[in-house]
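# Results of the structural survey
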Amino acid sequence: MKLGWTVKRSRVAYSGRFPVIEDELVADLDGRELLYTYLGIDSRAVAVMASDGRGRILTVREYRHPIGCVVTDLPLGSVHRGESSREAALRELREETGYDAGNLVHLGTVFPLPALARLAFDYYFATDLTMTETDLDPAEILEIAWMDFDEVLDCVMNGELQHGSLPHAVMLAMHKGLMKPRGTVD
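To keep things clear, this report deals only with the structure shown in the data block. (Residues numbered from 1 in each chain as written. Predicted model: local features only at pLDDT ≥ 70, side-chain atom pairs only at ≥ 80, totals over all residues. Heavy atoms only, no water.)

This part takes up the pattern of salt bridges. Throughout the structure, instances matching the rule amount to 16 salt bridges. The residue Lys 8 makes a salt bridge to Glu 33 at a minimum N-O spacing of 3.1 Å. Taken together, the residues span a long stretch of sequence, with Lys 8 in strand S1 (residues 5–14) and Glu 33 in strand S3 (residues 33–39) at a distance of 25 residues. Via salt bridges that share partners, Glu 83, Arg 91, Glu 92 and Glu 95 belong to a single interconnected network. (Salt bridge = Lys/Arg side-chain N within 4 Å of Asp/Glu carboxyl O. Helix = DSSP H or I, 4+ residues; strand = E, 2+ residues; numbered from the N terminus.)

Structure follows, in structure tokens:
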């Protein structure tokens, strides 16, 4: 079956922090036409799950305006031009939490909103942490907290922690065997 669509015309409908794109599409299957609107985000972001080796992970609490509440998440941010995802992960961890990581493992990549944007999230797992200093962006007001992994896992599974990168990172870290619930037998 022909599942694709061909772009007939494309235009920037709005230019702001994130441009809004309107594409006139034609279905490859049967020729029907559709106006498709999405965010013109074509970038990468990183999220870092940092562990202290004692069954805890480092979280940040921060207000997120589009959903109007404070969320518990991981240190995260955009990959800057000319910067690798790995470099961005180390930078974001240091800027937001004040920790440097001696060891950083790539957990995987997720495209969290494929119908809305071409944004890719690279997830990393950090250990061998050393405290330095935070260097927050002017728009960042956040609180840092260590949370027991079992508590985080329970909150993810019962829907209390459903925002941001944390649910993805929990599952990726468990799948890779980097974090395990207490009482789990190898």
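On to the side chain of Asp 122. Tracing the sequence through the fold places Asp 122 in strand S9 (residues 118–131). Here Ser 85 takes part through its side chain, which lies 2.7 Å from a polar atom of the side chain of Asp 122. Non-local contacts of Asp 122, meaning those with residues more than four positions away in its chain, are made with Arg 44, Ala 45, Val 46, Ala 47, Ser 85, His 106, Gly 108 and Thr 109. (Polar contact = N/O pair within 3.5 Å; in protein donor to acceptor, adjacent residues only side chain to side chain. Contact = heavy atoms within 4.5 Å.)

We now examine the nonpolar core. Grouped together as the largest cluster of nonpolar side chains are 26 residues, with contacts concentrated most on Met 49, Val 152 and Val 170. When contributions to this core are tallied by element, the ones reaching two or more residues are strand S4 (42–50), strand S8 (99–110), S9, helix H2 (149–157) and helix H3 (166–175). Considering every element that reaches this core, the biggest residue donor is H2, with five residues. Ignoring sequence-local partners within four residues, the contact set of Met 49 consists of Ile 57, Leu 74, Tyr 124, Phe 125, Ala 126, Phe 149, Ala 169, Val 170, Ala 173 and Met 179. Ranked by size, the runner-up nonpolar core spans 13 residues in total, among them Val 46, Val 79, Ala 89 and Tyr 99. (Core = buried A, V, L, I, M, F, W, Y, C linked by side-chain atoms within 4.5 Å. Buried < 20%, exposed > 50% of the residue type's maximum accessible area, 1.4 Å probe, protein only.)

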